[in-house]
Amino acid sequence: MFHHDEFRFYANAVLTSAQLQETSHYAAQMLDLMYAGYSDGIISGAHVSVEDDFLLVSSGMIRHHGKLYHMEKSERIPYLHTGTRTVLKLRFLDVQERENGLRYDTELILSEDEHLFPYEMELGRFWSEPGAMLRIDDGGWKEMAAAHNYFDIRNVPYAAIGVSTIAPFITYAFAREMEDKGDQTSYDIAFCMQALTKLPVDREVICRYLAACGEKRAPEPTNEQIYEGLLNVLDKRNTKTVKPCQETRARKFIVE
């Protein structure tokens, strides 16, 4: 049956190993129940920013193969302007057995191999030319697909029910771009209201929205194909035009 536990400790009380283990596992069990049924991907945080010649990955939580991984502090990884496409990957290492339990660890790596192994997750990719400045999160919608000198997050998976989805930053930026369009449909308004929450939008919702907008898609579209579909929808909409105010004619009064 459902139950709620409150742990209380008193002075001079003797705690058994079972009691200590139960209290330590309680929070982890609650998180596992909260995200049961979610796909692999980022749950919160893990944002990437650029700091000089370093990529800075913020603290956050990620789900992988049914396990929740957390990082309390930001991590920096140096990068080079190689002029070739480079992928920032989170690699899940083999489990380590310790005296007090098991340790599931990860490491950040940069690789020119775009292929992802089952024990890897992409956090972004870039193609930085020597002497250039790597840009990220500057708010430009079309800049997200820039081939050079821009950190691309379109392929980063975000955890969602059943199947992973694209970054909420992308859907939020889409909704902001749609605000300037003058011929929005009811589908546009409904989708953008959800995207403006800055939360991940379910993949099925995005695909159904694109279908309602007349976008043809593959049976299982990639994140880049979803982005291209959203881009096509924006290109079909007309930009708002501000109608000039009509000049009021001066009225003449004739007094006899």
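Above: the structure in question.
About the thresholds
Residues numbered from 1 in each chain as written. Predicted model: local features only at pLDDT ≥ 70, side-chain atom pairs only at ≥ 80, totals over all residues. Heavy atoms only, no water. Phe/Tyr/Trp six-rings, centres within 6.5 Å; stacked < 30°, edge-to-face > 60°. Buried < 20%, exposed > 50% of the residue type's maximum accessible area, 1.4 Å probe, protein only. Lys NZ or Arg CZ within 6 Å of the ring centre and 35° of its normal. Pairing = 2+ DSSP bridges. Helix = DSSP H or I, 4+ residues; strand = E, 2+ residues; numbered from the N terminus. Axes fitted to C-alpha atoms, helices over the stretch in contact; angles between N-to-C directions.

1. Some points on the packing of aromatic side chains
Then, in step 1: For the structure shown, the criterion picks out 8 aromatic pairs.
Then, in step 2: Considering the side-chain rings of Phe117 and Tyr119, the 5.4 Å spacing of their centres and the 5° angle between planes classify their relative orientation as stacked.
Then, in step 3: In this structure Tyr119 comes out as partly exposed when scored by relative accessible area, which is 38%.
Then, in step 4: Among the aromatic residues, ring-to-ring pairing joins Tyr79, Phe126 and Phe151 into one connected group.
Then, in step 5: Above the ring of Phe54, the side-chain terminus of Arg76 is found at 4.1 Å from the ring centroid.
Then, in step 6: We note Lys198 situated over the ring of Tyr172; from NZ or CZ to the ring centre the distance is 4.9 Å.

2. Here we look at the sheet that holds strand β7 (residues 85-92)
Then, in step 1: Spatially, the 3 strands line up as an open sheet ordered β10-β7-β11, and their pairing is antiparallel. Pairing within the sheet leaves two strands with one partner each, and these edge strands are β10 (106-111) and β11 (120-127). Along the sheet, successive strands turn relative to each other by an average axial angle of 20°, direction set aside.
Then, in step 2: Strand direction decides the pairing type here: β7 and β10, joined by 6 bridges, are antiparallel. Paired with Phe92 across the bridge in β10 is Thr106.

3. Thoughts on the pairing of strand β4 (residues 60-64)
Within a regular strand, the side chains alternate between the two sheet faces.
Then, in step 1: Burial of β4 is extensive: 5 of the 5 residues sit out of reach of the surface.
Then, in step 2: Where burial is concerned, the two faces of β4 agree: the one with Gly60, Ile62 and His64 and the one with Met61 and Arg63 are both buried.
Then, in step 3: Summarising the sheet, β4 and strand β5 (residues 67-71) pair through 5 bridges and their orientation is antiparallel. Across the sheet, the residue bridging to Ile62 is Tyr69, located in β5.
Then, in step 4: Counting the residues that bridge the hairpin from β4 to β5 gives 2 residues, and of these His65 lies at a positive phi of roughly 50°.

4. Digging into the pairing of strand β1 (residues 41-45)
Then, in step 1: Of all 5 residues making up β1, 4 are buried, and the element is well covered by its neighbours.
Then, in step 2: Sheet analysis places β1 next to β4, joined by 4 bridges and oriented antiparallel. Bridge pairing links Ser44 to Met61 in β4.

5. Structural notes on the sheet that holds strand β3 (residues 54-57)
Then, in step 1: The 3 strands lie next to each other as β2-β3-β6, forming an open sheet whose pairing is antiparallel. At either margin of the open sheet sits one strand with a lone partner, and together these are β2 (48-51) and β6 (75-78). Pairs of neighbouring strands in the sheet enclose a mean axial angle of 30°, with direction left out of account.
Then, in step 2: The sheet contact formed by β2 and β3 spans 4 bridges and is antiparallel. Of the residues in β3, the one forming a bridge with Val50 is Leu55.

Structural measurements only, silent on function.
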